[in-house]
Each structure stands twice: as structure tokens, then as C-alpha cells.
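Letter by letter, the chains look like this.
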Amino acid sequence: MAKFSKLVTRFQKDESGATAIEYGLIAALIAVVIIGALTAMGDSLTTKFEAVNSGLNQ
């Protein structure tokens, strides 16, 4: 029983898993922001390319 209580105590003090989860959440948030920015810029770039294309076709 003493081994089990030592194992539980050591498991409760170990925070390396929590740190990995935090880094994963930060990376996911950064990815969402990048995707949102690229989506917003993509629409304006599409409009610009269509304007250039119609200008070249005239």
C-alpha cells in the first residue's frame, strides 16, 4: 500500500503533462488566428487578381 500512495503522490506532483497540453492549446490558438487571417486576406487577394485579369483581357 505504501508503494501505491507514493505513486499517487508522485503522479499528483508531476506537471509535465499539463505543460504539454498548455503548449498544444497555444499552438492551436495560433493556428486558428493564422487561418482566420489568411482567409480574410485570401478574399481580398482573389478580388485583386480578378481585377488584374479583367484589366489584361480588355
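Relevant structure appears above.
As the structure is a computational prediction, the values presented were derived from the model and not from experiment. (Residues numbered from 1 in each chain as written. Predicted model: local features only at pLDDT ≥ 70, side-chain atom pairs only at ≥ 80, totals over all residues. Heavy atoms only, no water.)

## Some thoughts on the overall build of the protein
Scanning the protein for helices and strands turns up two helices and zero strands. Among the 58 residues that make up the protein, the fraction classed as buried is 0%. Summing over all exposed atoms, the protein offers an accessible surface of approximately 5500 Å²; the carbon and sulfur share of this is 69%. (Helix = DSSP H or I, 4+ residues; strand = E, 2+ residues; numbered from the N terminus. Buried < 20%, exposed > 50% of the residue type's maximum accessible area, 1.4 Å probe, protein only. Areas by Shrake-Rupley, 256 points an atom, 1.4 Å probe, with all protein chains shown as cover.)

## Some points on a nonpolar patch on the surface
Among the surface-exposed residues, Tyr 23, Ile 26, Ile 30, Ile 34, Leu 38, Met 41, Leu 45 and Phe 49 lie close enough to one another that they form a single nonpolar patch of about 860 Å² accessible area. Note on placement: Met 41 falls in helix α2 (residues 16-56). (Patch = residues over 30% accessible without salt bridge, like charges linked within 9 Å, V, L, I, M, F, W, Y side chains within 5 Å. Salt bridge = Lys/Arg side-chain N within 4 Å of Asp/Glu carboxyl O.)

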